[in-house]
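Okay, here's what each chain looks like letter by letter:
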Amino acid sequence: MRVVSLLPSATEICYALGVEPVAVSHECDHPPAALELPTVNRSRVANAGSSATVNEQVADATSSGAVYEIDRSALRQADPDLVIAQDVCDVCAIDGSLARATIDAVGSEAEVLTLHSHSLEGVLGDVVRVGEATGRDEEAAAVVAELRERIDAVERRASAAAVEERPRVAVLDWMEPPMVAGHWVPEMVELAGGEYGLADPGDRSTPREWAQIREYDPEVLVAAPCGFELERTVEHAEELTSRAGWQELSAVKAGRVYAMDGHHYVNRPGPRLVETLEFLAGLVQPEVFDAPPGEAVSQLAQKRSA
């Protein structure tokens, strides 16, 4: 089967099932083999600089059309039987309606599979759906079983620790304006032994006034902007650290502010979300779980001297 994946998480699911796509989106970069594949889309946003700069670019792009365009010539050349798109965020990747319209416009008879998970369970369900669509049902069942075992292991360890106080946690998937991560993030924080009071499981990521975050006063704060790798988040951390009241946050005082690679982990609903859960567990309950690797997480704030 000839599969075109229009989002990084679907590409990772395909590879996990032993399916190599014939073409992918411009953002598909894992596993490394995906970088060698032809791309069938382009972004109208440069995606460079700070989150404030990118926010302006996205606003300009959406005011005159869409963030992404599909290369019709490349799609014809790929000649897919199946195209995988998404319906979670039209800023993050090509959505199913644009994929369907473009496929019809080029006269292709390809099927469109639209993924739309907002929870860990939904991500596991997407693995099953891709497995069914590609004839890899058994492989999908094995992948789901392994991922579910790791999820359950985190929950068991956090529960067995008899945590008396769950720290207040905030994960931001944008810095300017501040946006509180939703979807699967609240669930993962709670599984890891934390309290996530700014969003409920399954909620969409939502911009918040800085005053709301200050009032919540997180004891653990993680900056993981969508599309930003770790170094880029650290480079532009002043979008957070220069804000009024930053030094008074409990997380800052305790030295529990972190940057995380949002591009590869927090904002990519594929198999590696389980790694993200394990990383968050190491930040939320460091006495119980191992610290996450330095290539994925970096401390942003040091404890202030008395």
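Data block above holds the structure.
Residues numbered from 1 in each chain as written. Predicted model: local features only at pLDDT ≥ 70, side-chain atom pairs only at ≥ 80, totals over all residues. Heavy atoms only, no water.

A.B. asks: Quick rundown of the overall build of the protein chain? Include the residues and the values.
C.D. replies: Counting its regular elements, the protein chain contains 13 helices and 11 strands. Per-residue burial over the protein chain gives 51% buried out of 306 residues. Residue pairs at least 24 apart in sequence account for 69% of intrachain contacts in the protein chain once pairs closer than 6 positions are excluded. On the protein chain, roughly 13400 Å² of surface is accessible, and the fraction owed to carbon and sulfur atoms is 46%. (Helix = DSSP H or I, 4+ residues; strand = E, 2+ residues; numbered from the N terminus. Buried < 20%, exposed > 50% of the residue type's maximum accessible area, 1.4 Å probe, protein only. Contact = heavy atoms within 4.5 Å. Areas by Shrake-Rupley, 256 points an atom, 1.4 Å probe, with all protein chains shown as cover.)

A.B. asks: Go over the pairing of strand β4 (residues 82–86), please, and point to the residues and values.
C.D. replies: In terms of burial, β4 is largely enclosed, as five of its five residues are buried. Across the two faces of β4 the burial is the same, with Leu82, Ile84 and Gln86 and Val83 and Ala85 all buried. Two strands pair when backbone bridges link them, and strand β1 (residues 3–5) and β4 are joined in this way by three bridges, in the parallel orientation. Among the inter-strand pairings, valine 3 is bridged to a residue of β4, identified as leucine 82. Bridging between β4 and strand β5 (residues 111–115) involves five bridges; their strand directions are parallel. Paired with glutamine 86 across the bridge in β5 is leucine 115. (Pairing = 2+ DSSP bridges.)

A.B. asks: Which residues make up unusual backbone geometry, and what are the values?
C.D. replies: The linkage connecting histidine 30 with the following residue, proline 31, adopts the cis geometry, with an omega of -5 degrees. Within the element layout of this structure, proline 31 appears in the loop between α1 (8–16) and β2 (41–43). The step from glutamate 176 to proline 177 runs through a cis peptide bond, and the omega angle for that step is 0 degrees. Tracing the chain through its elements places proline 177 in the loop between β6 (169–175) and β7 (178–180).

A.B. asks: Talk me through empty space enclosed by the protein; I want residue IDs and the actual numbers.
C.D. replies: Space left empty within the atom packing is revealed by a probe, the size of a water molecule, rolled over the atoms. Scanning all chains against the criterion turns up one cavity of 30 Å³ or more. Looking at the largest cavity, its volume works out to about 30 Å³. In this structure, the largest cavity is lined by Leu120, Val123, Leu124, Leu147, Ile151, Gly270, Pro271, Leu273 and Val274. At the level of elements, α5 (120–134), α6 (137–160) and α13 (273–284) are the ones that each hand at least two residues to the lining of the largest cavity. Of all the elements, α5 adds the most residues to the lining of the largest cavity, at three residues. Across the lining of the largest cavity, the residue classes tally to eight nonpolar, one polar and no charged. (1 Å grid on protein atoms, 1.4 Å probe; cavity = no way out; pocket = protein on both sides within 12 Å on 5 of 7 lines; lining within 4 Å. Points joined across faces, edges and corners; volume = space filled by probe spheres on them. Nonpolar A, V, L, I, M, F, W, Y, C, P; charged D, E, K, R; others polar.)

A.B. asks: Report on the pattern of salt bridges, specifying residues and quantitative values.
C.D. replies: With the rule as written, the count across this model stands at 12 salt bridges. As a salt-bridge pair, arginine 268 and glutamate 12 come within 2.7 Å of each other at their nearest N and O atoms. Of this pair, arginine 268 sits in the loop between α12 (262–266) and α13 while glutamate 12 is found in helix α1, placing the two residues 256 residues apart along the sequence. For glutamate 219, the salt bridge is made with arginine 168, and the minimal N-O distance between the two is 3.4 Å. One end of the pair, glutamate 219, is in the loop between α8 (210–216) and β9 (220–223); the other, arginine 168, is in the loop between α6 and β6, and 51 residues separate them in sequence. Given the relative accessible area of 23%, arginine 168 is considered partly exposed. (Salt bridge = Lys/Arg side-chain N within 4 Å of Asp/Glu carboxyl O.)

A.B. asks: How would you summarise the packing of α5 against α6 if you had to cite specific residues and measurements?
C.D. replies: Helices that pack against each other are described as a pair by the angle of their axes relative to one another and the distance between those axes. The geometry of α5 relative to α6 is characterised by a closest axis approach of 7 Å and an angle of 165 degrees between their N-to-C directions. Of the possible angle classes, the one that applies to α5 and α6 is roughly antiparallel. Taken as a pair, α5 and α6 cross one another with a handedness that is right-handed. Contacts between α5 and α6 pair Leu120, Glu121, Leu124, Val127, Val128, Gly131 and Glu132 from the former with Asp137, Ala140, Val143, Val144, Leu147, Arg148 and Ile151 from the latter. (Axes fitted to C-alpha atoms, helices over the stretch in contact; angles between N-to-C directions. Parallel < 35°, antiparallel > 145°, perpendicular 65-115°, else oblique. Left-handed = near helix turned anticlockwise from the far one by under 90°.)

A.B. asks: A description of the environment of valine 234 should follow, citing residues and the corresponding values.
C.D. replies: Structurally, the position occupied by valine 234 is in helix α9 (residues 230–235). The spatial distance from the C-alpha of valine 234 to the C-alpha of glutamine 299 is 9.0 Å, given a sequence separation of 65 residues. Leave out the neighbours within four places in its chain, and valine 234 touches Ala259, Ser298 and Leu300.

A.B. asks: Describe the packing of α6 against α13, listing the residues and the values that go with them.
C.D. replies: With their axes 10 Å apart at the nearest point, α6 and α13 run at an angle of 15 degrees to one another. For the element pair α6 / α13, the angle class is roughly parallel. In this structure, α6 meets α13 at a crossing whose hand is left-handed. Taking contact as the criterion, the partners of Leu147, Arg150, Ile151 and Val154 in α6 are, on α13, Val274, Glu275, Leu277, Glu278 and Ala281.

Function cannot be read off these values alone, since they describe shape.
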